[in-house]
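# Tertiary structure, described
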Amino acid sequence: MPSRTASSPWRPDMLRLSWAGFRERWTLFAGAVLTVCLGVALVQSSLLLLVSASTTSAPAGAGALARMSFDASTEAAVALLGVTLGFAALLAVFIISSTFAFTVEQRRRELALLRLVGGARRQIRRLLLAEATLLGLVGSALGVPVGVALMGVQTWLLHRLGFVPDGFSGQWRLWIVAVSVGTGVVLAVVGVSLAARRAARVRPLDALRDTGEATRVMTTARLLTGLLFLAGAVTLIGLSPVGGAVGGQAMAMNVSVCAAIALTLLGPSLVPAVARLIPARAAGVLGGLATANLRDDRRRTASTAAPVIVLVGLVLGQASASSSFTAAGQLEQQRRISADLVIDAPGPTGDRVTTTPGVASASTEVEVPIALTTGSGDLAYTRSATALLVDPAGYGRTHPGAGDLTALRQGAVVAGPGADGFSPGDTVGVRVGDQDLGSLPVVAAVPQAIGGGATVLLPAGVVPAEQLADVPSHTFVQLLPDVSRQQAVSTLTEVGTVSDLDSWLERDSVARTATSTGVLIMVMGLGGLYALIGVINSVVVAGATRPREFAAVRVTGFTRGQVVRAAVLESIMVAFAGLLLGLLAAAGTLIGVIATTAAVAGTVTVDVPWLLVGAVVVGTVLVTAVTSALTTRAATRQPPVALLGARQ
């Protein structure tokens with residue numbers, strides 16, 4: 001029985017053999033190294049920024065409300081970076097696994113020959129795991145400096161999106177090098193492990209003859225996993241209407257994630273079928289050749305389309321959902337607010353506005369950060385939230401659908417439009433700055449808003465006026481019927497900045513969704529870039545393994561230019577198939593958006609960013625076509641006779 005040491009993939013002789021193979025096939029492994037490098041860079045950058053954000057503190061001398069606001073923004077940044085870190089790791093494993101599976105598949109005959117000359121299954125697995133270890137080390141070595149540069153980009157984005165204060169920067173920590181190296185090795189080993197087990201199970205003669213298990217692209221495990229994710233997407237669509245404003249949005253936005261993964265896993269069956277719907281035969285012989293290649297190599301087709309599906313499904317699905325929910329929130333506010341003008345000013349302005357000639361009524365609202373505690377005993381949970389300081393009577397006039405708020409008084413709260421996790425009859429703990437209001441009963445609730453809002457409503461007098469002197473407020477003004485709007489605006493300008501309701505609602509809607517938009521830009525932007533590089537990598541790997549195939553086509557009479565055009569046409573067909581499946585995944589999120597907005601806001605709202613859709617579609621096709629052209633030209637540099645006559 002072999003010893004544990006003998007069975008290790010990290011034995012020196014095994015690593016030397018793997019290094020020799022790595023140097024010989026560096027073009028095949030270059031894409032895998034690149035994906036590991038980017039995965040390490042994303043994880044390293046996000047982790048350093050997360051640690052830096054969680055250990056930063058408010059500026060010295062800041063007031064109680066300013067410190068609480070700083071802590072709330074820091075928590076948002078930590079949550080965002082945590083999501084980015086998790087998404088980066090998930091996407092890295094997903095794309096690296098796809099890349100390694102395709103790379104191992106291209107070496108099927110070589111591995112079969114090793115088996116025929118005496119190599120055991122465990123030795124094949126050890127060889128591939130040793131190669132993955134080397135790839136992880138090389139990718140980590142490149143990923144550490146790339147991660148430093150990426151941290152600067154992420155820091156700039158955090159500043160631009162308002163998640164961190166001026167002067168914030170990620171701090172370098174020496175231990176991150178060990179973490180990054182470990183991350184690279186783990187990502188590579190996890191990515192190759194499944195492909196290694198499958199390659200070792202294939203009988204060598206089946207691999208050489210392209211029969212039996214070697215021809216199976218859609219395995220039972222892959223099929224069941226794909227169907228499971230597809231069922232998850234359908235379930236999220238069904239649950240989104242009953243999830244409320246917060247839960248419904250979260251479920252709708254996750255539909256495209258589950259759907260993209262499902263369609264990628266089912267790609268070997270779906271991509272060739274969808275690609276054949278494209279009328280490529282109109283291009284003549286070259287179109288027929290491209291279609292035949294799609295049909296004959298489903299694994300290559302699916303591997304090339306996989307990052308396209310992920311890119312289109314995630315980016316367009318999330319962007320469309322975010323845009324639609326923003327538009328829904330604005331329409332909802334228009335229906336729920338009754339006012340002629342809105343005044344933005346520092347501190348409460350109600351008394352100065354109500355005494356102005358021509359003003360029928362006014363409602364001043366001041367939003368302040370709070371620490372909110374829900375539950376009791378061991379289940380008590382404190383989180384950062386916001387409270388809206390209001391006059392109950394004025395708020396009811398401005399928001400006619402708010403319900404009866406007469407019970408709102410000192411020592412009580414009302415569940416606000418952004419409330420989640422508690423309802424009337426519950427008791428919550430509230431702390432505003434240094435003032436602990438204790439446990440307060442929830443005496444009423446206003447309707448939840450799809451655009452979000454304050455978590456609780458508090459009576460205006462609960463916070464001393466001097467503490468609110470510099471806190472922004474907005475006052476909704478209703479004018480008397482016979483008053484000139486222009487004259488009222490001129491008079492009220494002395495109080496603060498005056499806007500008409502529609503323009504204020506547009507700005508407020510964008511501000512309310514700033515957090516979700518920031519998450520979209522940070523997470524999906526970086527993830528989309530990673531997926532786009534995955535597209536390039538897949539096309540490069542696919543072309544790098546086809547010199548003999550191209551040579552065989554050329555000796556039958558095709559010119560080099562015709563071979564290049566056929567390969568480009570084939571790549572465009574695969575890209576279009578991936579685009580269609582990615583759009584299908586994004587459409588799942590839109591269905592969830594329709595169901596959620598109809599249930600919560602009472603009106604179906606869909607706002608598709610068509611400019612982004614066009615940019616993603618055109619950009620993906622162009623990137624795929626250009627990469628395919630360059631790769632095919634490089635693969636056809638040698639004379640075909642020299643390639644066909646060379647020993648493999």
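Going by the structure above, here's the rest.
The structure contained in this document is the topic of the report that follows. Remember, predicted model here, so these are calculated numbers, not experimental data.

### What about the pattern of salt bridges?
Counting across every chain of the model gives three salt bridges. Residue Asp340 pairs with Arg485 through a salt bridge whose shortest N-O separation is 3.9 Å. Of the two residues, Asp340 sits in the loop between α12 (298-336) and β1 (341-346) while Arg485 sits in helix α15 (residues 485-492), which places them 145 residues apart along the sequence.

### As for the packing of α12 against helix α19 (residues 560-600)
Two numbers describe how α12 lies on α19: the axes approach to 7 Å, and their chain directions differ by 25 degrees. Our classification of the angle between α12 and α19 gives roughly parallel. You can see that α12 and α19 cross each other, and the crossing is right-handed. Along the lines of polarity and charge, the residues of the contact of α12 with α19 split into 18 nonpolar, eleven polar and four charged.

### So, a positive patch on the surface
Together, Arg121, Arg122, Arg125 and Arg197 make up a region of like positive charge exposed at the surface. By residue number, the principal contributor to the positive patch is helix α5 (residues 121-160), which donates three residues. Take Arg197: it is sitting in helix α6 (residues 175-201).

### Observations regarding the nonpolar core
Side chains that are nonpolar tend, in soluble globular proteins, to be buried together. Ranked by internal contacts, the top residues of the largest apolar core, which has 24 residues, are Val368, Ile370, Val430, Val432 and Leu458. If you list the elements that add at least two residues to this core, you get β2 (359-374), β3 (381-390), β4 (413-415), β5 (427-432), β6 (435-445) and β7 (456-459). With four residues, β2 is the largest single contributor of residues to this core. Not counting the four nearest positions on each side in its chain, Val368 is found in contact with Ala385, Thr386, Ala387, Leu389, Val432, Leu468 and Val471. Core analysis: the next-biggest nonpolar cluster, separate from the first, contains 23 residues, Phe87, Val271, Ala305 and Ala585 among them.

### Observations concerning the pairing of β3
Here nine bridges tie β2 to β3, and the two strands are oriented antiparallel to one another. The residue of β3 that forms the bridge with Ala371 is Ser384. Once β2 ends, the chain turns through six residues before running back antiparallel as β3, passing Gly375 with a positive phi of about 80 degrees. In this structure, β3 lies alongside β7, joined through four bridges in parallel fashion. For Leu388, the partnering residue across the bridge sits in β7 and is Leu457.

### A look at the pairing of β5
In the sheet, β2 pairs with β5 via three bridges, with the strands oriented antiparallel. Paired with Leu372 across the two strands is Val430, which belongs to β5. One ladder, built from six bridges, connects β5 with β6; its direction is antiparallel. In the sheet register, Val430 faces β6, and the bridge partner there is Gly438. If you look at the hairpin formed by β5 and β6, you'll find two residues sitting between the two strands, and Gly433 has a positive phi there, around 60 degrees.

Rules used throughout
- Residues numbered from 1 in each chain as written.
- Predicted model: local features only at pLDDT ≥ 70, side-chain atom pairs only at ≥ 80, totals over all residues.
- Heavy atoms only, no water.
- Salt bridge = Lys/Arg side-chain N within 4 Å of Asp/Glu carboxyl O.
- Helix = DSSP H or I, 4+ residues; strand = E, 2+ residues; numbered from the N terminus.
- Axes fitted to C-alpha atoms, helices over the stretch in contact; angles between N-to-C directions.
- Parallel < 35°, antiparallel > 145°, perpendicular 65-115°, else oblique.
- Left-handed = near helix turned anticlockwise from the far one by under 90°.
- Nonpolar A, V, L, I, M, F, W, Y, C, P; charged D, E, K, R; others polar.
- Patch = residues over 30% accessible without salt bridge, like charges linked within 9 Å, V, L, I, M, F, W, Y side chains within 5 Å.
- Areas by Shrake-Rupley, 256 points an atom, 1.4 Å probe, with all protein chains shown as cover.
- Lys, Arg positive; Asp, Glu negative; His and termini not counted.
- Charge placed at Lys NZ, Arg CZ, Asp CG, Glu CD.
- Core = buried A, V, L, I, M, F, W, Y, C linked by side-chain atoms within 4.5 Å.
- Buried < 20%, exposed > 50% of the residue type's maximum accessible area, 1.4 Å probe, protein only.
- Contact = heavy atoms within 4.5 Å.
- Pairing = 2+ DSSP bridges.

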